[in-house]
Every structure is written in C-alpha cells, then in structure tokens.
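# Geometric and topological summary
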Amino acid sequence: MITQKTQLRRDLRQRRTAISKIQRQAAAWAVTHYPQILQKLRRGKKIALYVPVGSEFSAWPLIFLALQRGCLVYLPVVPKVGRRLNFVRLNEGAVWSYGAFNIPTPSHFEQCSSRDLDSVFVPLLGFDLQLARLGQGGGYYDTTFAFRRLRKTWLKPALIGLAYSCQQVERLPCEAWDLKLDAIATEQGWIRRSPIN
C-alpha cells in the first residue's frame, strides 16, 4: 500500500502542478460563493485554514472572507516534535516567520485546541467520492483529528477538503488511521458524505 500511495502522490502532484495560474485563482475564488461554505463562515465561529504551499489549492480567498465575516481564524503550526498540529490565531496581532518545511507561520499568544474548532479546511493531494483523503504523507491531520474516528454522531469540527476536481480518483487506498472528510469543495462544486454541523 505504501508503494501504491507513493505512486499516487507523484501522479497527483503532476496533475495539480499542470493547472494554470488563472485556473488556480478562479477555483480559489469560486468556492467563496458556495452556500455551504458561507453557512460555516459565520461571526464568532472558530475556523481553521492553511497557508498554501507549492501547487496546493489556495485558501487565501477563504481566509480573507472568513476574517471579513467576523470569524476567528486559526492556522496550523507543524510541531518540532510529534505530529499533532497546533492552531494559532490569525489577526493583526500575528507575527509571521518561517516554520517547518519553510511554511509561513504566524505566532500569536492565542491558540485553539483542535477539538474546539468549528470547521477545518484542509489541503490534500487526492480524494475519492467516499471522501477519503490522501495528504502529503506526514500524517499531521490524521494524528491531530484522530479523535473524530471514535465519534458516531457529534462530528465537530467539520473537516472540509479544498481541492481541484482533477485530484479526484476512483478509489484511494485507505488504512485505519487515514482521515475521512465530511465534504470537499472543488471548482466544480460541493461534495458531501453526510450532513455536517
């Protein structure tokens, strides 16, 4: 399965890299109009987004929109040790630096537990219609939100993937610890597995 995932990651990175800059920008702005996303971005809600790296789907338009709508926005910080992400507040008080993997990261005295977030928008390399997610392979999101696998009804936070439609595959190879998403937003629309709060 490791070999299969490695090959898939290589293929999916190539697909994602082939998308033009204009198509990337159009896709990133398109999802800001989806009613399902606007419903999540309500004043006072704790929303986690991410700083896009390389060819990842850009979360910047959603970050701007969430701030404009009065959400409390948090960004993940990759730890120096372990795989559990920390979520740090993004506002005018945040100070930027480069963190792990050279990802621009804010530092701020205010943090939020993964369990206290309302919605989390996550990057990915691939997905299928069962909403399995293939990430970069570090296991950070899988580890951070492992508690979600134990829940049957209360599915907070909502886990929403941001992806280009070309990242969809027929079926991803999945292991027990792999994260399943509640929904995925692509430039072609909203895909959901089950109702999410």
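Look up: the structure comes first, before these words.
The text that follows walks through the structure, step by step, so that each part is easy to find. Owing to the predicted nature of the structure, the values given are computational and were not obtained by experimental measurement. (Residues numbered from 1 in each chain as written. Predicted model: local features only at pLDDT ≥ 70, side-chain atom pairs only at ≥ 80, totals over all residues. Heavy atoms only, no water.)

Attention now goes to the overall build of the protein. Counting secondary structure elements, the protein contains five helices and 12 strands. The globule rule puts the C-alpha radius of gyration for 197 residues at 16 Å, and the 16 Å found for the protein is close to it. The C-alpha extent of the protein, read off along each of the three principal axes, is 45 × 35 × 35 Å. Across the 197 residues that make up the protein, the buried fraction comes to 51%. Of the contacts formed within the protein by residues at least 6 apart in sequence, a portion of 67% connects residues at least 24 apart. When the 29 positive and 13 negative side-chain charges of the protein are each reduced to one mean point, those points stand 3 Å apart. (Helix = DSSP H or I, 4+ residues; strand = E, 2+ residues; numbered from the N terminus. Rg over C-alpha atoms; globule rule 2.2 N^0.38 Å. Buried < 20%, exposed > 50% of the residue type's maximum accessible area, 1.4 Å probe, protein only. Contact = heavy atoms within 4.5 Å. Lys, Arg positive; Asp, Glu negative; His and termini not counted. Charge placed at Lys NZ, Arg CZ, Asp CG, Glu CD.)

Counting 51 residues, the largest nonpolar core has I37, L41, L49, L62, F121 and F145 as the members making the most contacts within it. At four residues, helix 4 (residues 60-68) tops the list of elements feeding residues into this core. Those residues within four positions of L49 in sequence are excluded, and the remaining contacts are A59, L62, I63, A66, V73, Y74, L75, P76 and F121. Formed by six residues, the second largest nonpolar core is a distinct cluster that contains L8, A132, L134 and L172. (Core = buried A, V, L, I, M, F, W, Y, C linked by side-chain atoms within 4.5 Å.)

Right, let's get into the environment of Q68. The residue Q68 is located in helix 4 in this model. Measuring from C-alpha to C-alpha, the distance between Q68 and R13 comes to 32 Å, with 55 residues separating the pair along the chain.

Quick look at the state of the cysteines now. Applying the stated rule across the entire model yields zero disulfides. Not engaged in a disulfide, the cysteine C71 finds its nearest cysteine sulfur in C112; these two sulfurs lie 13 Å apart. The cysteine C174 is free of any disulfide, with C166 supplying the nearest cysteine sulfur at 19 Å. With a relative accessible area of 33%, C174 lands in the partly exposed category. (Disulfide = S-S within 2.5 Å.)

Working note: regular strand, side chains alternate between the two faces of the sheet. Burial runs high along strand 10 (residues 158-162): five of the five residues are buried. Residues A158, I160 and L162 line one face of strand 10 and the alternating positions L159 and G161 line the opposite face, and both faces are buried. Note that strand 7 (residues 119-122) and strand 10 share four bridges and pair parallel. What sits directly across from S119, in strand 10, is A158. Looking at chain direction, strand 10 and strand 11 (residues 183-186) are connected through three bridges and run parallel. Bridge pairing in strand 11 links L162 to A185. (Pairing = 2+ DSSP bridges.)

All chains considered together, the criterion is met by seven aromatic pairs. Residues F57 and Y164 carry aromatic rings whose centres are separated by 4.9 Å and whose planes lie at 45° to one another, so their mutual orientation is tilted. Here F57 is found in the loop between strand 1 (46-48) and helix 4, whereas its partner Y164 is found in the loop between strand 10 and strand 11, with 107 residues between them in sequence. Both residues of the pair, F57 and Y164, count as buried. On the numbers, 6.4 Å between centres and 45° between planes, the contact of W60 with W96 is tilted. Separated by 36 residues along the polypeptide, W60 in helix 4 and W96 in strand 4 (residues 95-98) bring together distant segments of the chain. W96 sits in the partly exposed class, given a relative accessible area of 38%. Put simply, the rings of F87, Y141, F145 and F147 touch in pairs and so form one group of aromatic residues. The positively charged end of R115 is found above the aromatic ring belonging to F147, 4.3 Å away from the centroid. (Phe/Tyr/Trp six-rings, centres within 6.5 Å; stacked < 30°, edge-to-face > 60°. Lys NZ or Arg CZ within 6 Å of the ring centre and 35° of its normal.)

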